[in-house]
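As a plain string of letters, each chain reads:
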Amino acid sequence: MDSVIRNATVVTAGSQSAAIDIGIEDGRIVQLGGAMSAAHELDAGGRYVLPGGIDGHVHLTPAGSAPQSYRWCDDWEAGTAAALAGGVTTVGNMSHPDPGTGESIRVSTERDAADGEARSRTDFFLHPVLMDPSPSELDALAELHAAGHTSVKIFLSFRRFDRSVHGYLEALRRTAQCGGLALIHCEDVALMECACTILREQGKLTAEHFPQGRPVAAERAATERAVAMAEVTGCPIYVVHLSSLDALDACRAGQARGTSVEVETRPIYLFLTEERFAEANGAKYAGAPPLRSERDVAGLWAALAQGSIATVATDHAPWKLADKLDPALDATNLRLGMSELETMLPMLWWAGVRTGRLSVSRFVEVTSTNPAKLFGLYPRKGTIAVGADADLVIWDTERSRTIDGSAFYSNADYSPYDGWTVTGWPDVVMSRGEVVVEGGRLTDAARPGRGRLAPRGASQPR
Ligand SMILES: [Zn+2]
């Protein structure tokens, strides 16, 4: 046995142990409880040991990629350093073909797989983004699926969606035939463009008007359409970063009819409301969809506890503050996204578990077990069991930290939660048996390129 964690209160979806020992060999858990010994021993002191977080939705910028409009400021090295420090041991990256060069979905996916293998500090998987449902790109979907890329991402928020809607429906049909999962960004592009035209006519172009340019109606309409597309094609869908109760109702209605609809939400929708855009520098909160109302925030928390929301993922798409506040931008075209990888689990713990809104076990489900199941990583990842990868977090429930995005591992120089004091942070993080974080800081073992493309099987019901 290589290492042993002593006195661990092991938490999985639906269970919590008394303090037991965890035996680890060759990166995997080989024994839970009972007598064991190893050269390396770590004492958890009765604290919670959780399966490493699985953030199924990040955007890391590939090294050496051609200039493009989405140059988020974290590459694999920086983004996955932030992930580990935040207790996330596996990331699912959106693999975007470069629209400037007309790159194919096969080439972009292979490029990102190689880049991740060379630079990632965490294990990872990829969601190929379908930018052009042409016959050759549609043919590539089955090949990508066979190579282990069993999900595909589709944006209803791009003009190209409506231009090529028949092709996208065919993509969903083929994804269903392979047994894959379609991730869908649900905002209706035509409705948003019309709303932005109205804002321009009215001269309402400061950041405080950003939510009016991406209204709930556009999210609701696109979500209803995505659910209908799932019903007709038989393709299971996963609605990314759901922000509003109206959109959630559309998903619940589909779920009640037996359609396979899973829902992800994102930290900003659990912590912030649309009034933020009226602050000085309100543009720093811009994401798609926008922040919503207090009623939406309360509804999403309830749905997260009750089960109609399956996962929380960051949509980590970081920018420098100066880029977010670029004076050339207005309410109709703000830069979207922000850094969240280092704060997602601590904030969800602090606002969810500490307050009693979420049980520890539910926290593990939405941050690890459910994404592992939906993305075909379970039971190798997403749980603490004999045979699973030793991706583990010893959680320090009492550690408080005041958030300062400029001090984080992410290259972003701000956090939307700067100045918030949050209690509950990872102390030790282990990835495939290696201690990669100690006392909240990365160790030498957390080197770039240690991460591996995670093998994926079929998406499983959660
Ligand atoms: Zn995204």
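Residues numbered from 1 in each chain as written. Predicted model: local features only at pLDDT ≥ 70, side-chain atom pairs only at ≥ 80, totals over all residues. Heavy atoms only, no water.

Peer 1: Got a minute to help me understand unusual backbone geometry in this structure?
Peer 2: Among all residues save glycine, negative phi is the norm, and among peptide bonds the norm is trans. The linkage connecting Ala-288 with the following residue, Pro-289, adopts the cis geometry, with an omega of -5 degrees. In this structure, Pro-289 sits in the loop between α10 (267–271) and α11 (294–306). Here His-241, not a glycine, exhibits a phi torsion of approximately 35 degrees, which is positive. Within the secondary structure, His-241 sits in the loop between β11 (237–239) and α9 (245–256). A positive phi angle, near 65 degrees, is found at Asn-281, a position not held by glycine. Structurally, Asn-281 can be placed in the loop between α10 and α11. (Helix = DSSP H or I, 4+ residues; strand = E, 2+ residues; numbered from the N terminus.)

Peer 1: When you look at the packing of aromatic side chains in this model, what are you seeing that I'm missing?
Peer 2: The relation between two aromatic rings is expressed through the spacing of the ring centres and the mutual angle of the planes. On inspection of all chains with the given rule, the structure shows 15 aromatic pairs. Here Phe-125 and Phe-375 contribute two aromatic rings whose centre-to-centre distance is 5.4 Å and whose plane-to-plane angle is 40 degrees, an arrangement assigned as tilted. Here Phe-125, found in strand β8 (residues 123–128), pairs with Phe-375, found in the loop between α14 (360–374) and β14 (392–402); they are 250 residues apart in sequence, far enough to count as distant. Residue Phe-125 shares its accessibility class with Phe-375, and that shared class is buried. When the centroid spacing of 5.2 Å and the interplanar angle of 85 degrees are considered together, the rings of Trp-349 and Phe-363 count as edge-to-face. Note that Trp-349 is positioned in helix α13 (residues 344–353) and Phe-363 in helix α14, a separation of 14 residues in sequence. For the pair Trp-349 and Phe-363, a shared accessibility class is recorded, and that class is buried. (Phe/Tyr/Trp six-rings, centres within 6.5 Å; stacked < 30°, edge-to-face > 60°. Buried < 20%, exposed > 50% of the residue type's maximum accessible area, 1.4 Å probe, protein only.)

Peer 1: Help me out: how do you make sense of the coordination of the zinc ion in this one?
Peer 2: The coordination sphere of the zinc ion, as far as protein atoms go, consists of His-57 (NE2), His-59 (NE2) and Asp-315 (OD), spread over 2.0 to 2.2 Å. Going along the chain, you hit the donors of the zinc ion in the pattern H-x1-H-x255-D. Side by side, His-57 and His-59 carry an identical accessibility label, which is buried. (Donors = N, O, S within 2.8 Å, 3.2 Å for Na, K, Ca; no water.)

Peer 1: Would you take a moment to explain the pairing of strand β7 (residues 88–95) for this structure?
Peer 2: One face of the sheet, then the other: side chains in a regular strand alternate in exactly this way. Summarising burial for β7: eight of the eight residues are buried, a large majority. Of the strand pairs in this sheet, strand β6 (residues 53–58) and β7 are connected by four bridges, and their pairing is parallel. Paired with Val-58 across the two strands is Asn-93, which belongs to β7. In terms of strand pairing, β7 meets β8 through six bridges, oriented parallel. Residue pairing for β8: Asn-93 is matched across the bridge by Leu-126. This β-α-β element, β7 to helix α2 (residues 105–119) to β8, shows right-handed connectivity. (Pairing = 2+ DSSP bridges. Right-handed = clockwise from strand over helix to strand, strands pointing away.)

Peer 1: Would you mind going over the pairing of strand β2 (residues 15–25) with me for this structure?
Peer 2: By the bridge criterion, seven bridges tie strand β1 (residues 3–12) to β2 in an arrangement that is antiparallel. By the bridge assignment for β2, Thr-9 is matched with Ala-19. Taken together, β1 and the strand that follows it, β2, pair antiparallel across an intervening segment of two residues, in which Gly-14 is found at a positive phi of about 85 degrees. Pairing of β2 with strand β3 (residues 28–32) involves four bridges; the strand directions are antiparallel. Within β3, the position partnered with Ile-24 by the bridge is Ile-29. Two successive antiparallel strands, β2 and β3, enclose a turn made up of two residues, where Asp-26 displays a positive phi of approximately 50 degrees.

Peer 1: Help me understand the side chain of Ser-368, please; the structure alone is not making it clear to me.
Peer 2: Checked against the element boundaries, Ser-368 lands in helix α14. A polar contact of 2.9 Å, which involves the side chain of Ser-368, links it to the backbone oxygen of Gly-52. Once you skip the residues sitting within four places of it in the chain, Ser-368 turns out to touch Pro-51, Gly-52, Ile-54 and Gly-382. (Polar contact = N/O pair within 3.5 Å; in protein donor to acceptor, adjacent residues only side chain to side chain. Contact = heavy atoms within 4.5 Å.)

Peer 1: I'm lost on the sheet that holds strand β10 (residues 181–185) in this one. Help?
Peer 2: In sheet architecture, strand pairing relies on hydrogen bonds along the backbone and comes in two forms, parallel and antiparallel. Strand order in the open sheet formed by five strands is β9-β10-β11-β12-β13, with parallel pairing between adjacent strands. Lying at the two open borders of the sheet, with one neighbouring strand each, are β9 (151–155) and β13 (311–312). Direction of pairing for β9 relative to β10: parallel, over a ladder of five bridges. Pairing of Phe-155 across the sheet is with His-185, part of β10.

Peer 1: Explain the packing of α2 against helix α3 (residues 135–146) here, please?
Peer 2: Helices that pack against each other are described as a pair by the angle of their axes relative to one another and the distance between those axes. The geometry of α2 relative to α3 is characterised by a closest axis approach of 9 Å and an angle of 35 degrees between their N-to-C directions. Contacts between α2 and α3 involve Ile-105, Arg-106 and Thr-109 from the first element and Glu-137, Ala-140, Leu-141, Glu-143 and Leu-144 from the second. Split into classes, the residues belonging to the contact of α2 with α3 amount to four nonpolar, one polar and three charged. (Axes fitted to C-alpha atoms, helices over the stretch in contact; angles between N-to-C directions. Nonpolar A, V, L, I, M, F, W, Y, C, P; charged D, E, K, R; others polar.)

Peer 1: Would you explain the environment of Ile-237 in this entry?
Peer 2: In this structure, Ile-237 sits in strand β11. Each C-alpha atom of the pair Ile-237 and Ile-105 lies 19 Å from the other, and the pair is 132 residues apart in sequence. With residues near it in sequence (within four places) discarded, Ile-237 still touches Leu-181, Ala-182, Ile-184, Ala-226, Val-227, Ala-230, Ser-260, Val-261 and Glu-262.

Peer 1: Is there a simple way to explain the nonpolar core in this structure?
Peer 2: Ranked by internal contacts, the top residues of the largest apolar core, which has 92 residues, are Ile-237, Phe-271, Trp-301, Leu-304 and Leu-348. By residue number, the principal contributor to this core is α13, which donates seven residues. Membership of the second largest hydrophobic core comes to 16 residues, among which are Met-131, Leu-183, Val-240 and Ala-454. (Core = buried A, V, L, I, M, F, W, Y, C linked by side-chain atoms within 4.5 Å.)

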